[in-house]
Amino acid sequence: MATEKTYAEINEKIKSGRAVVFTAEEIISLVAEKGISEAARSVDVVTTGTFGAMCSSGVFLNFGHSKPKIKMQKLWLNSVQAYTGIAAVDAYLGATELPEDDPCNNNYPGDFRYGGGHVIHDLLARRPVKLEAIAYGTDCYPRQEIETIITLDDINEATLFNPRNSYQNYNCAVNLGKRTVYTYMGMLKPDLGNAHYCSAGQLSPLLNDPDFMTIGIGTKIFLGGGVGYVAWNGTQHFPGIQKDTEGKSYGPAGGTLSVIGDLKQMKPNWLVGASFLGYGATLTVGLGIPIPILNEEIMRCVSVTDQALYAPIVDYGEAYGQRVSGNLGFVSYADLKSGRITVKGRDVPTAPLSSYSKAREIAGILKSWILQGNFELTEPVKLLPSAKDNIPAKTLEIRGL
Amino acid sequence: MVFMPSKKIFLRFGKDIADRPIIYRLARDYDLVINILKANVDQNKEGTMVLEITGDQCDLGLEYLISQGVKVTPLAEEVFRNEDKCTSCGACTAICPSGALYVERPSMEVKFDSDKCIVCQICVKVCPVNAMEVRF
Ligand code: SF4
Ligand code: SF4
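Report on the accompanying structure. No experiment lies behind these values; they were computed from the predicted model shown. (Residues numbered from 1 in each chain as written. Chains lettered and ligands numbered in written order. Predicted model: local features only at pLDDT ≥ 70, side-chain atom pairs only at ≥ 80, totals over all residues. Heavy atoms only, no water.)

Neighbouring residues of ligand 1: 13 residues in total, closest B:C96, B:C117, B:C120, B:Q121 and B:C123. Along the lines of polarity and charge, the residues of the shell around ligand 1 split into eleven nonpolar, two polar and no charged. (Near = heavy atom within 4 Å. Nonpolar A, V, L, I, M, F, W, Y, C, P; charged D, E, K, R; others polar.)

Residue and element names in this part refer to chain A. In terms of burial, strand 21 (residues 271-276) is a largely internal element, six of the six residues being buried. Side chains of strand 21 alternate between two faces, with L271, G273 and S275 and V272, A274 and F276 buried alike. Taken together, the six bridges between strand 21 and strand 22 (residues 280-288) define a ladder with antiparallel strand orientation. Bridging across to strand 22, V272 finds its partner in T284. The antiparallel hairpin formed by strand 21 and strand 22 contains three residues in its connecting segment, where G278 sits at a positive phi of about 75 degrees. (Buried < 20%, exposed > 50% of the residue type's maximum accessible area, 1.4 Å probe, protein only. Helix = DSSP H or I, 4+ residues; strand = E, 2+ residues; numbered from the N terminus. Pairing = 2+ DSSP bridges.)

The immediate surroundings of ligand 2 are formed by B:C86, B:T87, B:S88, B:C89, B:G90, B:C92, B:V110, B:C127, B:P128, B:V129 and B:M132. Along the lines of polarity and charge, the residues of the shell around ligand 2 split into eight nonpolar, three polar and no charged.

Glancing now at the environment of A:G225. Residues and elements named next belong to chain A. For G225, the position within the fold is in the loop between strand 16 (220-223) and strand 17 (226-233). We classify G225 as buried; its relative accessible area is 5%. The spacing of G225 and L287 is 62 residues in sequence and 7.9 Å in space, taken between C-alpha atoms. With sequence-adjacent residues up to four places away left out, G225 is seen in contact with Q265, M266, K267, W270 and W369. (Contact = heavy atoms within 4.5 Å.)

Pairs of aromatic rings are described using the distance from one ring centre to the other and the angle between the two planes. All names here are of chain A. Enumeration according to the criterion identifies 17 aromatic pairs over all chains in this entry. Centre to centre, the rings of Y184 and Y320 are 5.7 Å apart; their planes meet at 65 degrees, and the pair counts as edge-to-face. Placement of Y184 in the loop between strand 12 (181-183) and strand 13 (186-188) and of Y320 in the loop between strand 24 (310-315) and strand 25 (330-332) is noted, with a sequence separation of 136 residues between them. For Y184, a relative accessible area of 18% translates into the label buried. Judged by relative accessible area, Y320 falls into the partly exposed class, the value being 40%. Measuring from ring centre to ring centre gives 4.4 Å for Y250 and F330, while their planes differ by 10 degrees; the resulting arrangement is stacked. Linking Y250 in strand 19 (residues 249-253) with F330 in strand 25, this pair joins segments that are 80 residues apart in sequence. Ring-pair connections join several aromatic residues into one group, and the members of that group are Y167, Y170, Y184, Y279, Y316 and Y320. K367 extends its terminal NZ or CZ atom over the ring of F22, reaching a point 5.9 Å from the ring centre. (Phe/Tyr/Trp six-rings, centres within 6.5 Å; stacked < 30°, edge-to-face > 60°. Lys NZ or Arg CZ within 6 Å of the ring centre and 35° of its normal.)

Given below as structure tokens:
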């Protein structure tokens, strides 16, 4: 009989220490050996992981009130501005924000050695951070300026809230141009000098649940070394199946997640400030999602291998920035991971930007949490839109009123 | 093995210094192992020298040289990896021209073979987490 399990049954097993847990990498050989049905019967949870730069990340902060009180109008943390257009001492610090005096790309390619992601990392490392704010002053909030030092433990809340993380799949970036370009996909040498990709492939969370059968609002996850939750779909959530011009399918892409969690229980080695030469500052996020094996179909999805997952090859020398659609073909993650691919008949060295070894470590940590009975699964309160919802990507057109 | 600090330095000195036994004093008084990598000493004009000095008292030795009127410039002659910082992201591996930074398969961990490094310092610029550092 086909396997059917519920979240409650799986959680019962987790609590009693009887749950069988594999990582999305380990499950591949089990399924190859035992088959889908047998694997679905014997395994309860499969864990995934990813560790890469995720620009759409940031943290909501509440500092507590000074005496006298201030309604912060402009705020800087280690000279990096945070958004204060909310209540008096609430702010949102974005990962890509830069210090006011950063030369940016004036000395091209700019270094971007410090930004919002680095402030988040400094807070997490329990380093003191300088806070400066100004205000116009009101009867209820008379103070007009403040300068002080805070640490993560001194403030009320620090809620990591990332509007778009964990891209289901990503481009393989190349440069067809004649000069080196500096992008969020790293340094791309001219004339197909190198190819950079950025996905954990067979370990990547949303490639293991391509149809959003289990990951939804409220799903409990590994986030930045602590526990977090899926809050919503991510921005630019356009799940679909990639197809070439002849209509041949190249697997899932386009889904994203919005995630949330208490920064105070996260770890500095799983949320790391990052700088991309000539591009900007950002935050590297470690994220892992457990997938409950409710049925054989889910087991079939998590047993996917790098041979069956594809990235579109995109020219970042010109086409990407100019929003020219189309691509230079698809390449499997197995080929990308081999270190060399062929593009336009040319042999091109590849390199990852997201750490597969750290992704494996995250899937392993999540597995151990579940095995120790410390991490039960949550059933989503609502599932997310999937490919069948056919969400179109809108563009921003330039027009007058 | 005990780690002995080592430095590569570029020296410039006037002809008055050229005939004093400063290198000998450096070795004797500060217990330094000295490797002369390049020397250009001419009795009639300014001399230059590239040294590698190894020993616990490198810094004191350098102070001595400066006190003797020698102009000392450290050479950025070594790039090393801060293992704690490196996230094995891989961003440096297709860019490193010498193959010193590479992805080990199938672990997909990024390894650094300093013997192959040609000190071009490109990785120092591109590493997103500043894990590649220059040692003077
Ligand atoms: S300095 Fe140059 S050769 Fe040495 S590891 Fe860095 S990129 Fe490679
Ligand atoms: S770019 Fe930096 S962090 Fe990434 S693998 Fe190279 S040395 Fe490590």
